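One letter stands for each residue in the lines below.
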Amino acid sequence: MARLEHCNIRSFDLAATIRFYEEVIGLRAGPVPGMNRGAWLYDDSDVAVVHVIDLDTDNRDASLGEIRHRLGELAGPLDPDAMRGGGAVDHIAFHCDDYDAMVARLEAHGAPYRTFDLPAYQLRQILVNDPSDVTLELNFRD
């Protein structure tokens, strides 16, 4: 594990969430590479530290379906009314090294996980839940 990479928050009010992180916390909204929705909020070093998933208030089922598609069984029960506080945290991302060793470690512990390869970003991801069902996104580059 090299470092914390970013946290991801689910929001039914993207504009208010961006305003809060910009005006109150002092981050700034910036480009969302490869995506046409949601937001990335950057720190003073131009590092994207908060990623916000834009959930559609008019079509909650479709928004939840996208989360289920990405996370599979790791999503657990999704209740739009409970997506506040910790229920609004989609995942916490870590920058990691040695993909194969991490897979071996997860398998040795019997931890269910999912993998994604994102060649456009030169990125391999492993998604795994902690014992409190918080999803961790383990990112491996190069």
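Residues numbered from 1 in each chain as written. Predicted model: local features only at pLDDT ≥ 70, side-chain atom pairs only at ≥ 80, totals over all residues. Heavy atoms only, no water.

Caption draft 1: The nonpolar core, seen in detail. Phe-12, Ile-53, Leu-55, Leu-64, Ile-67, Leu-71, Leu-74, Ala-75, Leu-78, Met-83 and Leu-127 form the largest nonpolar core, which has 11 residues in total. Counting residues per element, this core draws most heavily on helix H2 (residues 60-71), which supplies three residues. With 10 residues, the next largest nonpolar core counts Ile-9, Leu-14, Tyr-21 and Val-50 among its residues. (Core = buried A, V, L, I, M, F, W, Y, C linked by side-chain atoms within 4.5 Å. Buried < 20%, exposed > 50% of the residue type's maximum accessible area, 1.4 Å probe, protein only. Helix = DSSP H or I, 4+ residues; strand = E, 2+ residues; numbered from the N terminus.)

Caption draft 2: Broad picture of the sheet that holds strand S1 (residues 3-11). With respect to topology, eight strands assemble into an open sheet ordered S2-S3-S4-S1-S5-S8-S7-S6, the strand pairing being mixed. Every other strand in the sheet has two partners, leaving strand S2 (28-30) and strand S6 (113-118) as the edge strands with one partner each. On average, each strand axis in the sheet is inclined to that of its neighbour by 25°, with strand direction left out of account. Across four bridges, the pairing between strand S3 (residues 39-42) and strand S4 (residues 48-54) is antiparallel. Note that in S4 the partner of Trp-40 across the bridge is His-51. Here helix H3 (residues 99-108) sits on the sheet in contact with S6, strand S7 (123-129) and strand S8 (135-141), set at roughly 20° to S7. (Pairing = 2+ DSSP bridges. Axes fitted to C-alpha atoms, helices over the stretch in contact; angles between N-to-C directions. Contact = heavy atoms within 4.5 Å.)

Caption draft 3: Summary view of a nonpolar patch on the surface. Where nonpolar side chains cluster on the molecular surface, the patch consists of Phe-20, Val-24 and Ile-25 and spans about 290 Å² of accessible area. Within the fold, Val-24 resides in helix H1 (residues 14-25). For Val-24, a relative accessible area of 56% gives the class exposed. (Patch = residues over 30% accessible without salt bridge, like charges linked within 9 Å, V, L, I, M, F, W, Y side chains within 5 Å. Areas by Shrake-Rupley, 256 points an atom, 1.4 Å probe, with all protein chains shown as cover. Salt bridge = Lys/Arg side-chain N within 4 Å of Asp/Glu carboxyl O.)

Caption draft 4: Layout of the side chain of Asn-129. By the secondary structure assignment, Asn-129 is in strand S7. Within the structure, Asn-129 has its side chain in polar contact with the backbone oxygen of Leu-74 (distance 2.8 Å). One polar contact links Asn-129 to Thr-135, side chain to side chain, over a distance of 2.7 Å. When residues no more than four places from it in sequence are discounted, the contact partners of Asn-129 are Leu-74, Val-134 and Thr-135. (Polar contact = N/O pair within 3.5 Å; in protein donor to acceptor, adjacent residues only side chain to side chain.)

Caption draft 5: Spatial organisation of the layout of surface pockets. Its boundaries defined by the atoms lining it, the largest pocket holds a volume of some 980 Å³. Together, 34 residues line the largest pocket, and Met-35, Trp-40, His-51, Gln-125 and Glu-137 are the ones closest to its centre. Counting residues per element, the ones that place at least two in the lining of the largest pocket are S1, S3, S4, H2, strand S5 (89-96), S6, S7 and S8. Residue classes in the lining of the largest pocket are distributed as 15 nonpolar, 11 polar and eight charged. (1 Å grid on protein atoms, 1.4 Å probe; cavity = no way out; pocket = protein on both sides within 12 Å on 5 of 7 lines; lining within 4 Å. Points joined across faces, edges and corners; volume = space filled by probe spheres on them. Nonpolar A, V, L, I, M, F, W, Y, C, P; charged D, E, K, R; others polar.)

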